[in-house]
Amino acid sequence: MKKVVTSALLAVACCVQAQVVQVDLVTQQEEYLPNEDLMVGVRIANKSGRKLHFGRDNVWLSFQVEALDGKHVGVMKDPEVTGPFVIDSPMRAVRPFNIAPWFDMTRSGRYFVTATVHIREPGWSESLASNPLTVDIVRGTTVWQQEFGVVGSAPGSAPEIRKYVLQKANLMNNRMKMYVRVTSADESKVHRVIPIDLMMNFSRKEARLDKYNNLHVLLQTPRAIARDYNYSVFGADGRLIIRQTHNADFSRPELVSDSDGLVRVKGGQRRYVASDVPKLESKPAQTPSEGKPPTVVPPPPAPGQGKGETGKLTLKSADGGSGD
């Protein structure tokens, strides 16, 4: 009888611990293109009354991915999740990870992502799994593409041929978004997929390369009753160099190439917004889009395939609500 009572008490204690530490997954979007960075935030709420230590090794956290159709989801590389951090009580932390390079989620369809956090504290060892996070992989439609050369890493070597591809994708709630893909010439290798902005079916778009082979895109967006244009510049590795907003209330902006091979926006009026890249320390007066071309740089040497990224740790009160 004594053994039965002891077992019951242990079971109750386990349930109490599971309730005071909660694990769930958060993401800023539900739909992604194949090879797009898939940032998932592991959110841990600690109400245990003691400090919890995580990230001291590469086994404190594990991910599981399942496909809705039951087909096997391959693991392309072991996740790298090290990076020590402490969650006091009562606090919660969100640790973002880019899981796209770790799992083969390139087929269109629905996937379920689960994270398991392993608590390893003196006198307390337990594994807690999150509820599944639903992620949809959707295909884009190519609307423009152009090959370009990247200087090889070895002196005097032939340039590597890559390709910029603009793709649009229909998302939930009748939203449409434009993306840029940077691939090898035959598209067998994808260097980066990055979203540009939302667009409308009749959205105007322009794309030009400058003398450094940076890609300049001018895209009409649904904002401001479709009078706003997103102007973005991308490097040969897919990195975002510049993002600006130009308004067409008085004249329509367009891309023009100068005699020295640089590209700029002509017409329209620049609007300074919080999403500008690079960010401005102070907001200048709104000006017509007739200035000098933005500062761009030559593309760097060809990088390798993107790696899984660990984002910045965010700490909040454990009672701070569900949104992050």
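Residues numbered from 1 in each chain as written. Predicted model: local features only at pLDDT ≥ 70, side-chain atom pairs only at ≥ 80, totals over all residues. Heavy atoms only, no water.

1. Considering the layout of surface pockets
By volume, the largest pocket amounts to about 750 Å³. Those elements giving two or more residues to the lining of the largest pocket turn out to be strand 3 (39–46), strand 7 (91–98), strand 14 (190–199) and strand 18 (240–247). Ranked by the residues each element gives to the lining of the largest pocket, the list is headed by strand 14, at 7 residues. For the lining of the largest pocket, the class distribution of residues is 12 nonpolar, 5 polar and 8 charged. (1 Å grid on protein atoms, 1.4 Å probe; cavity = no way out; pocket = protein on both sides within 12 Å on 5 of 7 lines; lining within 4 Å. Points joined across faces, edges and corners; volume = space filled by probe spheres on them. Helix = DSSP H or I, 4+ residues; strand = E, 2+ residues; numbered from the N terminus. Nonpolar A, V, L, I, M, F, W, Y, C, P; charged D, E, K, R; others polar.)

2. Here's the deal with the confidence of the model for the chain
Scored by pLDDT, the chain has a mean of 87; 83% of the residues are at 70 or more. Predicted confidence for residues 1–18 stays below pLDDT 50, and this span has 5 contacts to residues more than four positions away or in other chains. Below a pLDDT of 50 lies the segment residues 300–306, which in the model reaches 15 contacts outside its immediate sequence neighbourhood of four places, other chains included. (pLDDT = per-residue confidence, 0-100. Contact = heavy atoms within 4.5 Å.)

3. Let's talk about the sheet that holds strand 3
Taken in spatial order, the 4 strands line up as 1-3-7-23 in an open sheet, and their pairing is antiparallel. Strand pairing shows two members of the sheet lacking a second neighbour, strand 1 (21–26) and strand 23 (314–317), which therefore form its edges. Averaged over all adjacent pairs, the angle separating strand axes in this sheet is 20°, with direction ignored. Taken together, the 4 bridges between strand 7 and strand 23 define a ladder with antiparallel strand orientation. Across the sheet, the residue bridging to Ala93 is Leu315, located in strand 23. (Pairing = 2+ DSSP bridges. Axes fitted to C-alpha atoms, helices over the stretch in contact; angles between N-to-C directions.)

4. Quick look at the side chain of Glu121
Along the chain, Glu121 falls in strand 8 (residues 109–121). One buried charged side chain, Glu121, makes no salt bridge at all; its nearest oppositely charged neighbour is Arg56, positioned 4.1 Å away. In this structure the side chain of Glu121 is engaged in a polar contact, spanning 2.6 Å, whose partner is the backbone nitrogen of His53. Excluding residues within four positions of it along the chain, Glu121 makes contact with Arg50, Lys51, Leu52, His53 and Arg56. (Buried < 20%, exposed > 50% of the residue type's maximum accessible area, 1.4 Å probe, protein only. Lys, Arg positive; Asp, Glu negative; His and termini not counted. Salt bridge = Lys/Arg side-chain N within 4 Å of Asp/Glu carboxyl O. Polar contact = N/O pair within 3.5 Å; in protein donor to acceptor, adjacent residues only side chain to side chain.)

5. Quick word on the pattern of salt bridges
Inspection of the entire model under this criterion finds 14 salt bridges. Arg107 is the salt-bridge partner of Asp69, the closest N and O atoms lying 3.0 Å from each other. Here Asp69, found in the loop between strand 5 (61–67) and strand 6 (85–87), pairs with Arg107, found in the loop between strand 7 and strand 8; they are 38 residues apart in sequence, far enough to count as distant. Of the charged contacts, one joins Asp228 and Arg271 as a salt bridge, the two residues approaching to 2.3 Å between their closest N and O atoms. Here Asp228 is found in strand 17 (residues 228–234), whereas its partner Arg271 is found in strand 21 (residues 269–271), with 43 residues between them in sequence.

6. So, the nonpolar core
Counting 36 residues, the largest nonpolar core has Val42, Phe63, Ile99 and Met105 as the members making the most contacts within it. Of the residues forming this core, the biggest block, 5 residues, is contributed by strand 8. Filtering out sequence-adjacent residues up to four positions away, Met105 remains in contact with Leu38, Val65, Val73, Ile99, Tyr111, Val113, Val135 and Ile137. (Core = buried A, V, L, I, M, F, W, Y, C linked by side-chain atoms within 4.5 Å.)

7. With respect to unusual backbone geometry
At the junction of Ser89 and Pro90, the peptide bond is cis and its omega measures out at 0° in the coordinates. Assignment of secondary structure puts Pro90 in the loop between strand 6 and strand 7. Residue Asn174 is not a glycine yet carries a positive backbone phi of 60°. A relative accessible area of 81% places Asn174 in the exposed class. The phi torsion at Asn213 lies on the positive side, around 65°, for a residue other than glycine.

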